[in-house]
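Per-entry structural report
Below, each chain spelled out in residue letters.
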Amino acid sequence: MSWLSEVRKRLPFAPKRDTPDNLWRKCPGCGEMLFTKEYEDNLWVCPRCEHHGRIGADTRLGQVMDAGYTVLPAPQVKEDPLKFRDTKKYTDRLRSARHNAPHPDALTTAEGTIEGRKAIVGVQDFGFMGGSMGMAVGDAFVAGVDRAVQAGCPYVIFTAAGGARMQEGILSLMQMPRTTVAIRRLHAAGLPYIVVLTDPTTGGVTASYAMLGDVQMAEPNALIGFAGQRVIQDTIREQLPEGFQRSEYLHEHGMLDMVVPRAEIRETLAKTIDYLMTAKQAA
């Protein structure tokens, strides 16, 4: 043993402290390393480039709704009706997704208030199989609308999805007309339907309930579209403008009513509900 090893062995070193693995994270927007606590305190928005990170249903509900909201029961639907299998069984994919998520499917609905205004709020979690729309999502959406009609309050939906869930085939596509009919029931009752589009909102979700709001909001720089840019360019044989599927471009061209930073969404929703419900009562 060398003299250096002998000296080190005799020195009274303090025990090594454990450092959490999630103390820092890399911003997907600017690539800067962020202190996780600072990132969370800033509502999962990068304080340097203002990139809006993707968040789960519970985090979103906690940011938007007043304390004491109630999560509505998840609908019970037949799982794997087509006995679908790709590289994995659909049942295995569901089991894996549920292991990493607090709720049984991609859409979670809650009843409560937003700055004192009663509302039913649905949140899609992109972390659950890409927020894909299957029968469970369709049932949760319809149940949320029905509850809003019963309570006489608005229905607010935060969308985040890659589209329809391919493992459920035509049954997932049938959720597009189902949700559209549900929105018509909401309108027949004279109640507002407010959509907040978050990154990303694409495919069959964009082609149905994500674009049928009385008021259409979006978070900054959210990807919103039906097909991908490369698919569209290859189809029409034309170069598309830079950022044409981002919320700012869509707002500029009339597809959105407003682009709202995450820190302002709660207040903006409360004001919008006030305005729309006052108009309903006056009508």
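A brief report on the enclosed structure follows. Note that this is a predicted model, so its numbers are computed, not measured. (Residues numbered from 1 in each chain as written. Predicted model: local features only at pLDDT ≥ 70, side-chain atom pairs only at ≥ 80, totals over all residues. Heavy atoms only, no water.)

**Observations concerning the overall build of the protein chain**
For the protein chain, the count of helices and strands is 11 helices and nine strands. Structurally, the protein chain occupies a C-alpha span of about 90 × 45 × 45 Å along its principal axes. The contacts of the protein chain with a sequence gap of at least 6 include a subset with a gap of at least 24, amounting to 66%. For the protein chain, the exposed area adds up to about 15400 Å²; of that, 53% sits on carbon and sulfur atoms. When the 33 positive and 33 negative side-chain charges of the protein chain are each reduced to one mean point, those points stand 7 Å apart. (Helix = DSSP H or I, 4+ residues; strand = E, 2+ residues; numbered from the N terminus. Contact = heavy atoms within 4.5 Å. Areas by Shrake-Rupley, 256 points an atom, 1.4 Å probe, with all protein chains shown as cover. Lys, Arg positive; Asp, Glu negative; His and termini not counted. Charge placed at Lys NZ, Arg CZ, Asp CG, Glu CD.)

**As for the packing of helix α5 (residues 135-151) against helix α7 (residues 175-188)**
Helix-helix packing: each pair is described by the crossing angle between the helix axes and the interaxial distance. Packing of α5 against α7 brings their axes to within 9 Å, and their N-to-C directions diverge by 5 degrees. Taken as axis vectors, α5 and α7 run roughly parallel relative to one another. For the pair α5 and α7, contact is made by Met135, Gly138, Asp139, Phe141, Val142, Val145, Asp146, Ala148 and Val149 and by Gln175, Arg178, Thr179, Ala182, Ile183, Arg185 and Leu186, respectively. Tallied by class, the residues present in the contact of α5 with α7 amount to nine nonpolar, three polar and four charged. (Axes fitted to C-alpha atoms, helices over the stretch in contact; angles between N-to-C directions. Parallel < 35°, antiparallel > 145°, perpendicular 65-115°, else oblique. Nonpolar A, V, L, I, M, F, W, Y, C, P; charged D, E, K, R; others polar.)

**Structural notes on the pattern of salt bridges**
One pass over the structure, following the stated rule, counts 18 salt bridges. For Lys118, the salt bridge is made with Glu111, and the minimal N-O distance between the two is 2.9 Å. Lys118 sits in the partly exposed class, given a relative accessible area of 37%. Take Glu111: its relative accessible area is 15%, and that puts it in the buried class. Across the pair Arg262 and Glu219 runs a salt bridge whose closest N-O atoms are separated by 2.8 Å. Residue Arg262 is located in helix α11 (residues 262-282), and its partner Glu219 is located in the loop between β8 (215-218) and α9 (229-236); the two are separated by 43 residues in the primary sequence. When its relative accessible area of 5% is taken as the criterion, Arg262 is described as buried. For Glu219, a relative accessible area of 2% puts it in the buried group. (Salt bridge = Lys/Arg side-chain N within 4 Å of Asp/Glu carboxyl O. Buried < 20%, exposed > 50% of the residue type's maximum accessible area, 1.4 Å probe, protein only.)

**So, the environment of Arg117**
Along the chain, Arg117 turns up in strand β5 (residues 117-124). The partly exposed category is assigned to Arg117, whose relative accessible area is 24%. Remark: the alpha-carbon pair of Arg117 and Asn100, spanning 17 residues in sequence, is separated by 32 Å. Ignoring any residue separated from it by four or fewer positions in sequence, one finds Arg117 in contact with Gly112, Ala270, Ile273 and Asp274. Within the structure, the side chain of Arg117 is placed 2.5 Å from the backbone oxygen of Glu115, a separation counted as a polar contact. (Polar contact = N/O pair within 3.5 Å; in protein donor to acceptor, adjacent residues only side chain to side chain.)

**Quick notes on the packing of aromatic side chains**
The geometry of two aromatic rings is summed up by the distance between their centres and the angle between their planes. Inspection of every chain in the model, using the stated rule, returns six aromatic pairs. Summarising the aromatic geometry, the rings of Phe141 and Tyr155 are spaced 5.2 Å apart at their centres and angled 90 degrees between planes, so their arrangement reads as edge-to-face. Here Phe141, found in helix α5, pairs with Tyr155, found in strand β6 (residues 155-161); they are 14 residues apart in sequence, far enough to count as distant. Taking the relative accessible area as the measure of exposure, Phe141 reaches 0% and is therefore buried. By the ring-pair criterion, three or more aromatic residues cluster together here, those being Phe141, Tyr155, Tyr193 and Tyr209. (Phe/Tyr/Trp six-rings, centres within 6.5 Å; stacked < 30°, edge-to-face > 60°.)

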